[in-house]
Amino acid sequence: MKRRILAASLVIFLALTAVSFTGAGTIKATGAQTFEKVDFISGVVTSNELNLRSGPSTDYSIIGTFQKYKWVNVLAQIGDWYAVFDPDSGKVGCVAKAYLADASKIDKSSAGNAAPAPHTAKATSTPKPSASATPQQTGDLSQDEKLLLDLINKERAASNVPPLAADPELMKVARLKATDMSQNNYFSHFSPTYGSPFDMMRQFGITFKAAAENIAGNSTVQGAVSSWMKSEGHKTNIMNPTYNFTGIGIAKNNKYGYVFVQQFIKK
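Draft legend 1. Seen up close, the environment of Val44. Along the chain, the position of Val44 falls in strand S3 (residues 42-45). The exposure class assigned to Val44 is buried, which follows from its relative accessible area of 0%. Remark: the alpha-carbon pair of Val44 and Asn73, spanning 29 residues in sequence, is separated by 8.9 Å.

Take a look at the structure:
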């Protein structure tokens, strides 16, 4: 039986204080409704289930359903609704404002205890390693990590995009994220332990002007990279010349064989 292959991507540009998302989507709204700026980007579902609708009211059709602690990109506010992007499905739609919270304000210990996973996440204080002043290609990559980086840089080189360098501190973050996903049995950009990828980067002292993350579940490194390159959103992250540093995490996983995390930043 072929292993199930999963992949997801997201991207955020802090320099523009706006979110950049991939995938096609249309939000319907009446002329009286306006899009308002929100002061946070990462949103987490607080109800047991939350419907994603094609517009900002219950009159619009349901195009998806989110479970509690689901992470989404918050694009704008429309009255009592948020326009959101789901990086896992690529869908854009609206959710009721009352049931979506700022991810940075979520009690991560409560999220970890309530998250529907066989292995409960442990809420521990997160160490804050100092960020490297001059990140450079490190020789401490494992064989699989180096292979993934080589394959990614080969794809970039084919389009005359400069290679990515492995940032030692971001490598620590990506490895922790991969281990966290495997140990706590989830596949999402939002971690019940660390929050969103961008929250996690900040916890570990990573500074950046732009950042993105790709995740995948696959039995091989080559399979993970191939699946990313066949997906418009993932490929956009990989080929984006804005990013110059990367972190890579690979962890064994009973469900997929391995889970892969690649994080991208621009210093």
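Draft legend 2. Structural view of the packing of aromatic side chains. Following the criterion strictly, the structure yields four aromatic pairs and no others. For the pair Tyr243 and Phe264, a centre-to-centre distance of 5.7 Å together with 35° between the ring planes defines the contact as tilted. Placement of Tyr243 in the loop between helix H6 (232-239) and strand S12 (245-253) and of Phe264 in strand S13 (residues 257-266) is noted, with a sequence separation of 21 residues between them. Judged on exposure class, the residue Tyr243 and its partner Phe264 are both buried.

Draft legend 3. Representation of the confidence of the model for the protein chain in the model. On average, residues of the protein chain score 76 in pLDDT, and 73% of them are at 70 or above. Note that residues 10-25 has pLDDT below 50 and, in this model, 49 contacts with residues that lie over four places away or in other chains. Every residue in residues 28-32 is under pLDDT 50, and counting partners more than four places away or in other chains gives seven contacts.

Draft legend 4. Fine view of the packing of helix H2 (residues 143-158) against helix H5 (residues 221-229). Where H2 contacts H5, the axes come no closer than 9 Å and their chain directions differ by 30°. With respect to each other, H2 and H5 are oriented roughly parallel. Considering only the axes of H2 and H5, their crossing is right-handed. Touching Asp144, Leu147, Leu148, Leu151, Ile152 and Glu155 of H2 are Val221, Gln222, Val225, Trp228 and Met229, all from H5. Looking at the contact of H2 with H5 residue by residue, the classes come out as eight nonpolar, one polar and two charged.

Draft legend 5. Layout of the side chain of Lys177. Position of Lys177 relative to the elements: it lies in helix H3 (residues 168-183). Residue Lys177 is classed as buried on the basis of its relative accessible area, which comes to 1%. Each residue touching Lys177, except ones within four places of it in the same chain, is listed here: Tyr186, Ser188, His189, Ser191, Pro197, Met200, Glu213, Val261 and Gln263.

Draft legend 6. Structural view of the pairing of S13. S13 sits mainly inside the fold: eight of its ten residues count as buried. Across nine bridges, strand S11 (residues 210-218) lies against S13 in antiparallel orientation. When the sheet's bridge partners are listed, Ala211 is paired in S13 with Ile265. Note that S12 and S13 share nine bridges and pair antiparallel. Each bridged residue has a counterpart across the sheet, and for Gly247 the counterpart in S13 is Gln263. The turn joining S12 and S13, which pair antiparallel and follow one another in sequence, is formed by three residues.

Calculation rules
Residues numbered from 1 in each chain as written. Predicted model: local features only at pLDDT ≥ 70, side-chain atom pairs only at ≥ 80, totals over all residues. Heavy atoms only, no water. Helix = DSSP H or I, 4+ residues; strand = E, 2+ residues; numbered from the N terminus. Buried < 20%, exposed > 50% of the residue type's maximum accessible area, 1.4 Å probe, protein only. Phe/Tyr/Trp six-rings, centres within 6.5 Å; stacked < 30°, edge-to-face > 60°. pLDDT = per-residue confidence, 0-100. Contact = heavy atoms within 4.5 Å. Axes fitted to C-alpha atoms, helices over the stretch in contact; angles between N-to-C directions. Parallel < 35°, antiparallel > 145°, perpendicular 65-115°, else oblique. Left-handed = near helix turned anticlockwise from the far one by under 90°. Nonpolar A, V, L, I, M, F, W, Y, C, P; charged D, E, K, R; others polar. Pairing = 2+ DSSP bridges.

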